[in-house]
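Each chain is listed here by its residues.
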Amino acid sequence: MIKIIVGRLLQLIPVVFVLFTVTFFITKAIPGGPFTGERQLDPEVTAQLNAYYGFDKPLWEQYLNYLWRFARFDFPPSTSYQGESSGEVIARTFPISLAIGSLAFCIAIIVGVTAGVVAAVNKNKLLDYIPMSIAMLGICLPTFVMGPILAMLFGLVFKLAPVSGWHGLNYVVFHPMVMPAVTLGLFYSAYVARLARGGMLEVLSQDFIRTARAKGVPSHVIIFKHAMRGGLLPVVAFLGPAFAGLISGSFVVEKVFNVPGLGQEFVKSVFNRDYSLVMGTVVFFGVLIVLFNLASDILQALLDPRSR
Amino acid sequence: MLGTSEASVKRLTVLVRWVAVGIILFSCNLSGFAGPADSLTIQEANKHKVLMLHEGTEPRTLDPQLAQGVPEHHTIMALIEGLVGDGLKSSSDCVPGMADRWEHNEDFSVWTFHIGEDRKWSNGDPVTAHDFVFSYKRLLTASFGAPYAEYLFVLKGAEDYYRGKVNDFDKVGVKALDDHLLRLELIGPTPYLLSLVRHDSWYPLHPKTILKFGRMDERDTKWTRVGNFVGNGPFILKSWYPNDVIEMVRNPLYWDDANVKLNGINFYSIENLDTAERAFRAGQLHKILQLPLDKVAYYRTKYPQLMRIDPYSSVYFYRLNVERKPLDNPKVRLALNLAIDRESIVKNILRAGQKPATGFTPPNLADYGVLDQIRYDPDKARRLLAEAGYPKGKGFPKLTVLFNTMESHRTLAEAVQQMWKSELNIDIGLQNQEWRVYQDTMNKIDFDICRYAWTGDFMDPVTFLSIWTTGNGNNNTHWSNPKYDELIALAARTGDPKKRFDILHEAEALFLSEPPIVLIYWYTNFYLLQPSVKNWYPLALDNHNYKFIDLEASPEGTK
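It should be emphasised that the depicted structure is a prediction, and the values quoted were computed from it without experimental measurement. (Residues numbered from 1 in each chain as written. Chains lettered and ligands numbered in written order. Predicted model: local features only at pLDDT ≥ 70, side-chain atom pairs only at ≥ 80, totals over all residues. Heavy atoms only, no water.)

Draft legend 1. Local environment of unusual backbone geometry. Residue and element names in this part refer to chain B. Here the bond from Lys325 into Pro326 is cis, since omega is -5 degrees, no more than 30 degrees from zero. Relative to the elements of secondary structure, Pro326 occurs in the loop between β12 (307–320) and α10 (330–338). The backbone phi angle of Asn243 is positive, close to 65 degrees, even though this residue is not glycine. Within the secondary structure layout, Asn243 lies in the loop between β8 (235–241) and β9 (245–250). Assessed through its relative accessible area of 3%, Asn243 is described here as buried. One non-glycine residue, His478, lies in the positive phi region at around 70 degrees. (Helix = DSSP H or I, 4+ residues; strand = E, 2+ residues; numbered from the N terminus. Buried < 20%, exposed > 50% of the residue type's maximum accessible area, 1.4 Å probe, protein only.)

The structure is reproduced here in structure tokens:
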């Protein structure tokens, strides 16, 4: 087991390297640069800026320089935040996305697993149709529709949550992370519910469950002890990358609630051609994905005797 | 069988009825609360006199010499004050800032500013004329890479120093005659200097603070951070949460603190206008930068007391690439202009008080007035097109209008496309590009027709007309006319304001007679403002001197 984990961690190096290289050359290939602005700058100014950030050097030299600096965790300065490196920007914004993402993750699991299990146990009954219809609606309703609806409802009608912002909001009941987390959590819970239902149905139809029933094991024991363990495997497989996605922030939700998280930096850095921040966020996200995929694989192995 | 279906129909009807009742109740509730909430946040803010302003994007920097955008300027002007400050009721007016008084020679080419002896930096140091010299030297140091260094090129010798032709800064026309006397020698008559020096690039900096955090020409130092920032404006930096809020509190050392009415300002960076509008409704903001276009009609009828439509010094137009056929023919260019019914565009598409552009320079710029030269005249347009060799649009090649990806630009482009088709019988394609890609294409002049807008930096027509001179980095049309260049240069040498405007009128008329652009409209600034905000006058440059702004503590809003 440890051998596998170490092996997977070692795989991280080539994965990140390829990711870094591909991203670097693709971003550099997009027309426009960090200093193309609404107004044309004096050519000398542009030249100075390019020299300052090292963008005047040949592409391969820029690439090696970036690679070397990132390898030593010496992140190059961001061109969209004066006096901050891409590492500092990520360190500033990640905690916010982590808080929202973790809460959203809990909501997704609690709501999604409950709905999925209830639906599976009550197959083809009202308690199956209702949660599954809602889940279908949840999948179809994008966060940029759900977000504003929740913001209007809880911000403007019930006045419990702020509709925008993060710091210094004194006169609201909910912490500003609640609404973004609910928006994201509900969206993910819809997927979780469908996966949980499918997984549970498959397990519930298997022989060992029938045997347990025949032996007179109470049905809650069957569901919680025997069925859920195998039934939730697809959910666990989904949650690894989902968690990485959740904690690295969602551009849409962060824009709708104006939360200063990492998700918007991800997208904005490309719009701003902030090369350092593009590389920083992409590599950061890449590492998270690999790590949480690994975590979910380990968890699956622990849950599922077949894959051990 | 029949019975069951009847029963289910009945059940369905009941269900529909309940849903309908639910929707009605919900929407009543919503509309009841949809008005601007008299929230606790805004009550407290009014009581404590903290103004909550919305700025669109996060300021890239608070260093005035590195700043480029409007949000930066709006934030920095609370922290740093230039030689003069913005006036209360008009962007043309100014009030004493660091300078108590000033005088100029007869042709406006040498100015002397008397720095008030009571002017202090927020750390207690006195503001001196030497600070200005230091600041201008920093801006003009090429290795520093200040984006708007050219704004100081009106100073004698400044451009030579910047380009390295002169290494002695004493040769530049800025001198501290003593601690409180600053003399500016300019390359020519500049009657609008008082408007110019309100731009960020002319602001003074505290030399010791700059040097404490790095070399003079070093970018990216940490002097602008909370705790490090030393300014001389009415407010000081309290906290800065990027992409969220910048909080400022009153500066007790500000020379005119007795007349500052607010105790603090919070600047919120909210990029999404719909989110900003919701925040306004939730009572989290006193003012939003701009109302989403689709909500203008709603607020106009429902909450006119919250909506403001002010003239704004900006013009929307299409650039024409005059090197591409048939746009090289001035008659074609004029025909394209005359075939557009701007009244209809303004009335039916934009609907927020914009004005059809009849000249390039928008109204409200001092006493310059506007040129009424480009009018909707389809008959003349058709005639001109025929004279150019394309009768009834026959043989006219297919051109493409380029714009940055945004729904409003597309809508407008479709209207123009339609007008050109019906009036001139020519076909135009539409193409959108992502913001930076579009800018790149535009700077390379790799387009037929390209949408753009130009906003004035100061209150003089030169801020609009100078971009059309040959070789100007913002010309981007290949258009060049020696006579035009000559007139602009002549205006720069003319001291008499009236004569100067006459020359500029002549230049603009010449420009419009063979326009390398298609005029569309003059902007307005439409936004939401809480009635509790006092002294917020319509200003063409939208730069409000925060020391005049006040908040009324009484309850407000429509609810």
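Draft legend 2. Broad picture of the interface of chain A and chain B. Contacts between the two partners involve 54 residues from chain A and, on the opposite side, 61 residues from chain B. When chain A packs against chain B, close to 5,100 Å² is buried across both sides, 49% of that on carbon and sulfur atoms. Summed over the shared surface of chain A and chain B, the number is six salt bridges. The partner of Glu271 of chain B in a salt bridge is Lys255 of chain A, with the nearest N and O atoms 3.2 Å apart. (Contact = heavy atoms within 4.5 Å. Buried area = accessible area lost by both parts, 1.4 Å probe. Salt bridge = Lys/Arg side-chain N within 4 Å of Asp/Glu carboxyl O.)

Draft legend 3. Looking closely at the pairing of strand β17 (residues 517–529) of chain B. Residue and element names in this part refer to chain B. The buried count for β17 comes to 12 of 13 residues, which makes it a mostly enclosed element. Here 10 bridges tie β12 to β17, and the two strands are oriented antiparallel to one another. Bridged to Val315 within β17 is Trp522. The pairing of strand β13 (residues 355–356) with β17 spans two bridges and is antiparallel. Looking across to β17, one finds that Lys355 is bridged to Trp522. (Pairing = 2+ DSSP bridges.)

Draft legend 4. Representation of the sheet that holds strand β6 (residues 174–178) of chain B within the structure. Residues and elements named next belong to chain B. A sheet is described by the order of its strands in space; here four strands give the open sequence β4-β5-β7-β6, paired in antiparallel fashion. Each end of this open sheet is capped by a strand with a single partner; those strands are β4 (99–104) and β6. Within the sheet, the average angular offset between the axes of one strand and its neighbour, ignoring direction, is 20 degrees. As defined by bridge partners, strand β5 (residues 110–115) adjoins strand β7 (residues 181–185) across five bridges and the pair is classed as antiparallel. (Axes fitted to C-alpha atoms, helices over the stretch in contact; angles between N-to-C directions.)

Draft legend 5. Region of the structure containing the pattern of salt bridges. Residues and elements named next belong to chain B. Here the structure, examined in full by the defined rule, presents 44 salt bridges over all chains. Note that Lys47 and Glu44 form a salt bridge whose closest N and O atoms lie 3.6 Å from each other. Of this pair, Lys47 and Glu44 both sit in helix α2 (residues 40–48), separated by three residues, roughly a single helical turn. Among the ionic pairs, Lys498 bridges to Asp502, the shortest N-O distance being 3.2 Å. Taken together, the residues span about one helical turn, with Lys498 and Asp502 both in helix α17 (residues 497–513) at a distance of four residues.

Draft legend 6. Spotlight on the domain arrangement of chain A. Residue and element names in this part refer to chain A. On domain assignment, one finds that chain A holds domain 1 (2–71) and domain 2 (86–307). The straight-line distance from the C-alpha centre of domain 1 to that of domain 2 is 32 Å. Between domain 1 and domain 2, the residue contacts involve 20 residues of the former and 19 residues of the latter. Between domain 1 and domain 2 lies a buried interface of about 1,700 Å² when both sides are counted; carbon and sulfur atoms form 80% of it. The interface formed by domain 1 and domain 2 contains one salt bridge. (Domains from an automatic or database assignment.)

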